[in-house]
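Coordinate analysis (summary)
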Amino acid sequence: MGIINKSKLAKSLFYVSKPYQYIGDEYLSRNKNFDKNIVSIVFAFPDKYEVGVSNLGVRVLYDTVNNQDGLYADRSYAPEPDFVQNAQKDKILLYGVESKRPYKDFDFVGFSMQYELCYPTILKMLELSDIPVFREERIEYDPIIMAGGPCCYNPNPMSDFIDIFVIGDGEDVNVEIMNRYKEIRHLPRQERIYELAKIKGVYSPKLNNKTEKRIAQLTNKNLPIANPVPYSSCIHDRTIIEIRRGCGRMCRFCQPGHVTLPIRERKAEDIIDAVCKSTQMTGYDEYSLLSLSSNDYTNIEPVIDELSEILCERKVSVSLPSQRIDRYNEHLAQMVRGVRKSTITLAPEAGSQKLRNVINKNLTEEQILTTILNCYKTGADSIKLYFIIGLPTETKEDIAEMAQLLSKIRWKSLQIKKEFGIQNPLKLTCTVSVFVPKPFTPFQRHSQNTNAEIKEKISYLLSLTDKIKNVKINYHNPFVSRLEAAFTRGDKKFCKLIYELYKKGAYLTSWDEYLDYSMWEQTAEECNISYENEASRQYLKDEELPWEIIDMGITREWFEQEYEKALRAENTIPCEFNCVQCGVCTKFKTHKVIDKKYTHNTNDQSKNSIIETKNTQPFAYKYRLKITKENNLRYLSHLDWQNTLIKTLYRSGLKLNFSKGFNPTPKISLGIALPIFIESITEFIDIEIFDNLEIEEVKHKIQKVLPKDIQLLKIKNIDKTEKPIDNIIEWAEYEFSLIEEGIYDIKSLLYDVKEKFDSNDEIVIEKKNKKGITKIINIKPSIKNIYLQNNNIIMVLKTGQNTDVPAIRADVAIELFYLKLNSK
């Protein structure tokens, strides 16, 4: 089909709220040549850009495929409703953001199935691509529709729509699939699918072939360090390095902990190297050491110690997204909060010891109290706790013990506050989720509590905790949890329900504002499906389970043994300490990979340098940069523009001067805040650095890491006492052009506006200040000149701060013409 019409796309982007999501060209995008590669795939994420662009799985696959000669990988994300509306009106098909090629031009479309409520979104994305939704209706030259991710462990609900599912770790098998496709692309479409289904880890609903999961080892080949850096802040706006795959804790409710076995750890040296390179290349000021249980990683402390020493001067902080209470100590707490004072998150999961034994948490109340209170002693006065309600065998007594635990923490924290003279009280934010039975867990057969039971339990918990000061209880929506439980264990009859939901407009329903509860309930009734019956169903011991077409390596007998132990509230020793005989290693002839002990070699010189930086205030040099903001950068808001510039400065390697306080940021000052859709040939930014360098060297360091649509025109050293740039510039010249030529007589339009401008003493507009108060402002003094040049309108507008004449934004000023156009 060829590249989509770029002028049509540019016009369409004027009518969407976040156009940067659809342009590609992010810093470090691969942008390989589409036509020079043999096999292509677009990785399609069925959720918003801000979620998908930071997803580690997509990052790994995108990087792994593009590292192969002859293979091409692009990216795409579920567009927001405003884009969907305009794209359908302008007949723009969904496309890869880098190649600007529609999905139909690719050999494969690979959907990442991360969450059950995204299923209808996948169907809508296929429709927006002009690809038949049902796999049986696709014709010879339609792309092969793949899916991977955690929801594929039960492929049944999406089996009418997906050609092949990838089961398990995706990096090796995706490359194998695409290389095999080189050899079979001449075959008829269905024969190609049959051939691909012969690859281990590939499930075809057409063949219904018993499929074993794939297991990949953690090597530098699946360690992406140079990912596309979004212009805006995304959900996980940081470098992400996977340090460990698999979890040996064997928590009985946890699907990821069972389906990702065996445990595989990355080498400490590789982690340190990857973090240093990736933060430098991307410009992120935070890195995350990702694992299902990060502080179970063998070398977690020496790795963080060494990275803290290396990255301290650059003010790069660490995030540990998943932390075990019994492994979290004061030293880790200090390291995590060393640069930025982030909130600590811990997961007791259950309030009573009985329930912690039921779910195999291997955690005592004393360990919970000690860890939380030690965190408070080290300065963490705000802590998040995660609990689950509705667990198997749960009673009101268990819920009461959860409230008692929170009360004990509160009481003991007050004693510590008094003893250590801590200023702020400890604040606890408790998020309570509803238990969802998942396939391939010991609780896979168990029922979920009914809606009435969950509401009663939540109400009871709130009544017990409402008088505990500085304890806030948040809870997940029980209706959403019921949907999750129904779909995650659903069989093939759910295909019809998902299709009907899609036809009724269900889209981006992982976001509450797009989830129409009544429509979902009504559609299920029409399909003769009861969410409550499906979710609260207790499967019989010998009953065939819908998802057992997939082989995860763990035997059914082992799951049953663990379930029986749970009902007796018995613990199982974690896998990392002792083999639990689950069957994975013997089935797949594999084994645990635990990193050898790593010793952090303290660099005394580096330490002294850090101490010196902390205890003294070296002289900072101030520079003023003159740059451009052109082409695709016009789609950035002022906040996104600032985010882009800050990441650029981090990448430059210059020793930046930072603000003080809990969350240090580089000391920079931007000039005019440009509205979205406006390019600039003259932008200014003031920066402060500790490097005493020649101007040309500073320029070189910045220039080599700039996004392609920014040019560094000039740089000069200025006195530190000089006013910020936004207090110096008073007037700015703007040039406006029509999107489409010939629709309006631009000269006549300008004449009418100038006549109005000259004949009135005041031109007033309504403007809301930051407090939301509406004020009437006369903008006539703020417009210095209006004239025509090369058939474009030129306006000279007031800008800057602290002047008697109010500043006016370009998008406000141009409304004079917009109103005139509408009146014609």
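If you're wondering where the values come from, they're calculated on a predicted model, not measured in any experiment.

On the basis of which strands lie adjacent, the open sheet formed by six strands has the order 2-1-3-4-5-6 and mixed pairing. At either margin of the open sheet sits one strand with a lone partner, and together these are strand 2 (71-77) and strand 6 (202-203). Looking at chain direction, strand 1 (residues 39-45) and strand 2 are connected through seven bridges and run parallel. What sits directly across from phenylalanine 43, in strand 2, is arginine 75. Contacts from helix 7 (residues 189-196) reach strand 3 (108-112), strand 4 (144-148), strand 5 (164-166) and strand 6, with the element oriented near 30° to strand 4.

Our next topic: the sheet that holds strand 16 (residues 471-475). Strand order in the open sheet formed by four strands is 13-14-15-16, with parallel pairing between adjacent strands. Where the open sheet ends on each side, the last strands, each with one partner, are strand 13 (344-349) and strand 16. Sheet twist, expressed as the average angle between the axes of neighbouring strands with direction ignored, equals 25°.

Caution applies to low-pLDDT parts of the model: their predicted coordinates are not meant to be read in detail. Averaged over every residue, the pLDDT of the chain is 92; residues scoring 70 or more account for 96%. pLDDT under 50 marks residues 604-615. Its contacts with residues more than four places away, or in other chains, come to eight contacts.

Before going further, it helps to examine helix 23 (residues 638-652). Helix length check: helix 23 (15 residues) gives 21 Å between terminal C-alpha atoms against 21 Å at 1.5 Å per residue, within 8%. Taken across its 15 residues, helix 23 has 12 buried, putting it largely inside the fold. Those residues of helix 23 that sit buried are Asp640, Trp641, Asn643, Thr644, Leu645, Ile646, Lys647, Thr648, Leu649, Tyr650, Arg651 and Ser652. Looking at the buried side of helix 23, the elements it contacts are helix 9 (268-282), strand 18 (621-629), strand 19 (668-670), strand 20 (680-689) and helix 24 (695-703).

What follows concerns the state of the cysteines. What makes a disulfide is a covalent bond joining the sulfur atoms belonging to two cysteines. For the structure shown, the criterion picks out zero disulfides. No disulfide involves cysteine 247; its sulfur sits 6.2 Å from the nearest other cysteine sulfur, which is in cysteine 251. Looking at cysteine 579, it has no disulfide partner, and the nearest cysteine sulfur is the one in cysteine 585, 6.5 Å off.

Right, let's get into the nonpolar core. Counting residues in each nonpolar core, the largest one holds 72 residues, and the members touching the most others are Met113, Met158, Phe165, Phe487, Leu497, Trp520 and Tyr531. Not counting residues up to four positions away in its chain, the partners in contact with leucine 497 are Phe487, Thr523, Ala524, Cys527, Ile529 and Tyr531.

Bringing the pairing of strand 3 into the picture now. Burial of strand 3 is extensive: five of the five residues sit out of reach of the surface. Residues Phe108, Gly110 and Ser112 point to one face of strand 3 and Val109 and Phe111 to the other, with burial holding for every one of them. Note that strand 1 and strand 3 share four bridges and pair parallel. Within the sheet, the bridge partner assigned to alanine 44 lies in strand 3 and is phenylalanine 111. When strand 3 meets strand 4, the two strands line up parallel, connected through five bridges. Residue pairing across strands places phenylalanine 111 opposite alanine 147, the latter belonging to strand 4. Running through helix 5 (residues 119-128), the crossover from strand 3 to the neighbouring parallel element strand 4 is right-handed.

Moving on, we come to the environment of leucine 61. Position of leucine 61 among the secondary structure elements: in helix 3 (residues 56-66). Taking the C-alpha atoms as reference points, leucine 61 and methionine 158, 97 residues apart in sequence, are found 22 Å from one another. Setting aside its immediate chain neighbours within four residues, leucine 61 contacts Phe43, Gly170, Glu171 and Asn174.

The buried count for strand 18 comes to seven of nine residues, which makes it a mostly enclosed element. Where strand 18 and strand 20 come together, eight bridges link them in antiparallel fashion. Bridged to arginine 624 within strand 20 is aspartate 686. Pairing between strand 18 and strand 21 (residues 712-718): six bridges, direction antiparallel. Within the sheet, the bridge partner assigned to arginine 624 lies in strand 21 and is lysine 716.

What counts as what
Residues numbered from 1 in each chain as written. Predicted model: local features only at pLDDT ≥ 70, side-chain atom pairs only at ≥ 80, totals over all residues. Heavy atoms only, no water. Pairing = 2+ DSSP bridges. Helix = DSSP H or I, 4+ residues; strand = E, 2+ residues; numbered from the N terminus. Contact = heavy atoms within 4.5 Å. Axes fitted to C-alpha atoms, helices over the stretch in contact; angles between N-to-C directions. pLDDT = per-residue confidence, 0-100. Expected span 1.5 Å × (residues − 1). Buried < 20%, exposed > 50% of the residue type's maximum accessible area, 1.4 Å probe, protein only. Disulfide = S-S within 2.5 Å. Core = buried A, V, L, I, M, F, W, Y, C linked by side-chain atoms within 4.5 Å. Right-handed = clockwise from strand over helix to strand, strands pointing away.

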